[in-house]
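As a plain string of letters, each chain reads:
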Amino acid sequence: MSHTDEIDDSSAPLIEHLAELRTRLIHCVVAFLVGMVLCFTVATPIFNFLTAPLCEVLNERGQDCGLIFISPQEGFFVAIKVSLLGGFMLAFPYIGMQMWRFVAPGLYKSEKGAFLPFLVASPFMFILGASFAFYVVTPLAYDFFLGFQQFGAEGEAVTDTATAAPLSVVFQGSAQEYLNLTIKFIVAFGMCFQLPVLLTLMGKAGLVSAEGLGNVRKYAVVAILVLAALVTPPDVITQVILFVVVYGLYEVSIFLVGRVEKKREEQLRADGYYDDEMDEDLAEHSDDLK
């Protein structure tokens, strides 16, 4: 057999994998399009549901809940954005299954058992974070933003001089701008809630350790504060809530990584690869160096 034949034979599995990847990507795209079409048919009820935080704040202030279109095509693009978000959420279980079926044949049984829980936990944590953003953070944010209105026409909150004409600055929100901001909150908090899943998976792979995460805790606090300032409005209460939640998730991550390390140590000890005497010698050597 010539060298060229050997190369062709070795490339055959790669071509098969690429063909399988193409097939599964096509399935994912079709599932996403089907979900998008289904959500497009009910885009108005979905959008009305997403306006609940705003309507709640406006009702508390005695204002009517209403959004406007500032351009003729805005209503269409709002429906498209709602369909994109809803279609992805509907299709994600099928997309995740296709990803798993592509990756699983190349994993050992132990690796499958380790990876599958993270595949299940990731969408769960995203939904948890999105729900927290929608039901807790978003109402607080809009309450802060709407606090800058002035009701001069009704004489409710005018602090100008007597000679000044009454000024009325009230909320007449763009539907598209409202949807963009709401989706930003949902996606940002959904991604933040992935922190325990990501760090635990990295701990499973040996990339991080509980001790290492604990040692950089002060840097993590600064990073979380910066994150809270970037993804939330300039409202101290909202920023504090995000900081407390994400820092709590960081501490949970340290605990989960520690459990992963403990289980790995127990497995190595059971297999006879872990030497307690060696650890004692290393500890004594470390003390001598100190």
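What counts as what
Residues numbered from 1 in each chain as written. Predicted model: local features only at pLDDT ≥ 70, side-chain atom pairs only at ≥ 80, totals over all residues. Heavy atoms only, no water. Core = buried A, V, L, I, M, F, W, Y, C linked by side-chain atoms within 4.5 Å. Buried < 20%, exposed > 50% of the residue type's maximum accessible area, 1.4 Å probe, protein only. Helix = DSSP H or I, 4+ residues; strand = E, 2+ residues; numbered from the N terminus. Contact = heavy atoms within 4.5 Å. 1 Å grid on protein atoms, 1.4 Å probe; cavity = no way out; pocket = protein on both sides within 12 Å on 5 of 7 lines; lining within 4 Å. Points joined across faces, edges and corners; volume = space filled by probe spheres on them. Nonpolar A, V, L, I, M, F, W, Y, C, P; charged D, E, K, R; others polar. Disulfide = S-S within 2.5 Å. UniProt positions renumbered as here; feature names shortened; annotations may be inferred. Axes fitted to C-alpha atoms, helices over the stretch in contact; angles between N-to-C directions. Parallel < 35°, antiparallel > 145°, perpendicular 65-115°, else oblique. Left-handed = near helix turned anticlockwise from the far one by under 90°.

By size, the foremost hydrophobic cluster in this structure holds 27 residues, and its most contacted members are Phe132, Phe189, Phe193, Leu213, Leu242 and Tyr250. When contributions to this core are tallied by element, the ones reaching two or more residues are α5 (109–146), α6 (175–192), α7 (195–204), α8 (210–215), α9 (217–231) and α10 (236–271). Ignoring any residue separated from it by four or fewer positions in sequence, one finds Leu242 in contact with Phe189, Leu227, Ala228, Val231 and Thr232. Judged by nonpolar contacts, the second largest core, of 18 residues, contains Ala43, Val82, Phe134 and Ile186.

On to the layout of surface pockets. A volume near 520 Å³ is recorded for the largest pocket. Along the walls of the largest pocket sit 21 residues, with Phe92, Ser122, Pro123, Phe126 and Gln194 positioned nearest its centre. Looking at the lining of the largest pocket residue by residue, the classes come out as 19 nonpolar, 2 polar and no charged. Considered as a void within the structure, the second largest pocket measures approximately 280 Å³ in volume. When residues of the lining of the second largest pocket are assigned to their parent elements, the largest contribution, 6 residues, is made by α5. Along the lines of polarity and charge, the residues of the lining of the second largest pocket split into 12 nonpolar, 2 polar and no charged.

This structure, assessed with the given rule, holds 1 disulfide. Each sulfur of the disulfide joining Cys55 and Cys65 lies 1.8 Å from the other. Its torsion about the S-S bond being -55°, the disulfide of Cys55 and Cys65 is classed as left-handed. Pair noted here: Cys55 is in helix α3 (residues 52–60) and Cys65 is in the loop between α3 and β1 (67–68), with a separation of 10 residues, a long-range link. Classification of Cys65 as partly exposed rests on a relative accessible area of 34%.

Turning our eyes to something else, we now look at the UniProt feature "transmembrane region" (unreviewed entry) in the protein. This chain's UniProt record puts "transmembrane region" (unreviewed entry) on residues 25–47, 76–95, 115–137, 181–203, 215–231 and 237–257. This span, residues 25–47, is 96% helix and 0% strand, and a straight line between its end C-alpha atoms measures 29 Å. Secondary structure content for residues 237–257 is 100% helix and 0% strand, while the C-alpha to C-alpha distance between its ends is 30 Å.

So, about the packing of helix α4 (residues 74–103) against α6. Running from amino to carboxyl end, α4 crosses α6 at an angle of 20°, the nearest separation of the two axes being 9 Å. Taken together, the axes of α4 and α6 are roughly parallel relative to one another. Taken as a pair, α4 and α6 cross one another with a handedness that is left-handed. Every residue of α6 that contacts α4 at Glu74, Phe77, Val78, Lys81, Val82 and Leu85 is listed here: Ala175, Gln176, Leu179, Asn180 and Ile183. Of the residues contributing to the contact of α4 with α6, the split by class is 7 nonpolar, 2 polar and 2 charged.

Time to look at the side chain of Gln63. Note on placement: Gln63 falls in the loop between α3 and β1. Setting aside its immediate chain neighbours within four residues, Gln63 contacts Leu58, Gln149 and Phe151.

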